[in-house]
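Structural features, examined
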Amino acid sequence: MDRPAVAVLFGGRSSEHSISSATAGGVLRAIDRDRYRVTPIGITREGVFVLEDDDPDKFALDAERLPEVVDNGTRVLWPEGGGDRMLRVRRADGTVDELGDIDVVLPILHGIHGEDGTVQGFFDTLGIPYAGGGVLDSALCMDKHFMKIVLQDAGVPVSPWVTVTRRRWERDPGGVRADAAALGEPVFVKPARAGSSVGVSKVHDASELADALELAFAEDDKVLIEQAISGREIEVAILEGRGDAGPRASLPGEIVLTTREFYDFEGKYLGGEGADVVCPADLSDQEIAAVRALGVRAFEAVDGRGLARVDFFLAADELYVNELNTMPGFTPISMFPKCWIASGMTYGELISELIDTALERTQESASR
């Protein structure tokens, strides 16, 4: 049997473009070439689909150079629908080459125009299988406001918050300040639809609120002000079940802060000091069971598909879900792979699991 053809899709228009590109470097290095035929497809910051180099080193992430997809003159031509699966590329000189039928897309896109259900809807319309979250869970979890509403309705505990639009902040700053004050101090201010801690601030008192809101509004016109939960930051990785099996959870990990106030962009991706990713976390058997069970419950509450990382605060023996990420950080040093590695799976096997789950889902749909 011929190897399935996998299009690894990365980059994108969001502020997390470089993180997506770095993830691609890790995936291209680890994907099982004996099992899959790989075509790397990049999306530039302007939204152009280009045929990229199959070179993991090109997308290495370090503090001196953030990787990115640049316009190399090629244009990826997606299948036209109606059962067509042929992937084509138009070269810079205008010639068009056929790259072969595509079996599944692995979209490792973070942020808007990728992790928010838009790309997923595009592939659903074309009838192209893809790994990871679907339209609904991607859209819900990208918007932290609606994610919290859904989780709260399902009985999943979340930290108290207030959602503020730019319009309201401009028209009613006093009311916004009053709502923030009711949450106590400190609070976190974060964009509703961004990730990788971009635009996030810890606000210690009212004098810092305006600057924090402006930073968050630079990413989104809807912002959350959340009560800071004093406790341990615990995370668990979730994978969709295969066949009749339900979702399964990894061993939990922990973000241990030493000198950083919170797990910011530098601490997550650039090896900054003051934050350590520890997996497995030092928890009792009872705590591990509770984290895994609540992680699966949260995943099912948002109709999760493919994968997710569920982030918790553990405070005074109480668990609060902070958020779900339907395409979590997936570099080799990220928490999601680390949790599964600690649970007995290699990085390469994890990539294969996502691809095979998508292929299996497609076969099940075709047989119905």
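Attention here is on the structure that accompanies the text. The structure presented is a predicted model; accordingly, all values stated were derived computationally and were not measured.

1. Some details on the nonpolar core
The biggest cluster of nonpolar side chains holds 36 residues, and the ones touching the most others in it are F330 and I355. When contributions to this core are tallied by element, the ones reaching two or more residues are β1 (5–11), α1 (17–30), β7 (104–107), β12 (232–239), α10 (335–342) and α11 (347–367). When residues in this core are grouped by element, the largest group, seven residues, is from α11. Sequence-distant contacts of I355, that is, excluding residues within four places in its chain, are made with V6, I31, Y36, V104 and L106. Ranked by size, the runner-up nonpolar core spans 29 residues in total, among them V158, I288, F299 and L324.

2. Regarding the pairing of strand β2 (residues 37–43)
For a regular strand, the rule is simple: side chains alternate between the two faces of the sheet. Here β2 lies mainly inside the structure; six of its seven residues are buried. Bridge count for β1 against β2 is seven bridges, and the pairing is parallel. Following the sheet pairing, V6 is matched in β2 by V38. Taking the sense of rotation as the criterion, the β-α-β connection linking β1, α1 and β2 turns out right-handed. Pairing geometry for β2 and strand β3 (residues 49–51), over three bridges, is antiparallel. Among the inter-strand pairings, I43 is bridged to a residue of β3, identified as F49. Between β2 and the antiparallel strand that follows it, β3, lie five residues; G47 among them carries a positive phi value of about 90°.

3. Remarks on the environment of A308
Along the chain, the position of A308 falls in strand β16 (residues 307–315). Overall, A308 belongs to the buried group, its relative accessible area being 1%. The spatial distance from the C-alpha of A308 to the C-alpha of A298 is 9.8 Å, given a sequence separation of ten residues.

4. Quick word on the pairing of strand β5 (residues 86–90)
Relative to β5, strand β4 (residues 75–77) runs antiparallel, the two being bridged by three bridges. Bridge pairing in β5 links R75 to R90. Judged from the five bridges that link them, β5 and strand β6 (residues 96–101) form a sheet pairing that is antiparallel. Of the residues in β6, the one forming a bridge with R88 is E98. Between β5 and β6, which pair antiparallel and follow one another directly, the connecting turn spans five residues, one of which, G94, has a positive phi of 95°.

5. With respect to the sheet that holds β1
Reading across the sheet, the four strands line up as β3-β2-β1-β7 and stay open at both edges, with mixed pairing between neighbours. Edge strands, defined here as strands with exactly one partner in the open sheet, are β3 and β7. The mean angle between the axes of side-by-side strands here comes to 30°, regardless of whether they run parallel or antiparallel. Sheet analysis places β1 next to β7, joined by four bridges and oriented parallel. In the sheet register, L9 faces β7, and the bridge partner there is P107. Across the face of the sheet, α1 comes into contact with β1, β2 and β7 while running at roughly 150° to β1.

6. Side note on the side chain of S159
Along the polypeptide, S159 turns up in the loop between α4 (144–153) and β8 (161–165). For S159, a relative accessible area of 1% puts it in the buried group. Ignoring anything within four residues of it in the chain, the contact list for S159 reads K148, E226, Q227, I229, Y320 and V321.

7. Notes on the environment of P4
Mapping P4 onto the fold places it in the segment before β1. Residues P4 and E233, spaced 229 residues apart in sequence, show a C-alpha to C-alpha distance of 38 Å. Look past the residues within four positions of P4 in its chain and what remains in contact with it is R35, Y36, R37, D103 and L359.

8. Some details on empty space enclosed by the protein
All told, the structure shown has one cavity of 30 Å³ or more when counted by the stated rule. Lining the largest cavity are P107, L109, G114, E115, Q120, A131, G132, G133, S138, T326 and M327. Residues that form the lining of the largest cavity fall into these classes: four nonpolar, six polar and one charged.

Rules of the game
Residues numbered from 1 in each chain as written. Predicted model: local features only at pLDDT ≥ 70, side-chain atom pairs only at ≥ 80, totals over all residues. Heavy atoms only, no water. Core = buried A, V, L, I, M, F, W, Y, C linked by side-chain atoms within 4.5 Å. Buried < 20%, exposed > 50% of the residue type's maximum accessible area, 1.4 Å probe, protein only. Helix = DSSP H or I, 4+ residues; strand = E, 2+ residues; numbered from the N terminus. Contact = heavy atoms within 4.5 Å. Pairing = 2+ DSSP bridges. Right-handed = clockwise from strand over helix to strand, strands pointing away. Axes fitted to C-alpha atoms, helices over the stretch in contact; angles between N-to-C directions. 1 Å grid on protein atoms, 1.4 Å probe; cavity = no way out; pocket = protein on both sides within 12 Å on 5 of 7 lines; lining within 4 Å. Points joined across faces, edges and corners; volume = space filled by probe spheres on them. Nonpolar A, V, L, I, M, F, W, Y, C, P; charged D, E, K, R; others polar.

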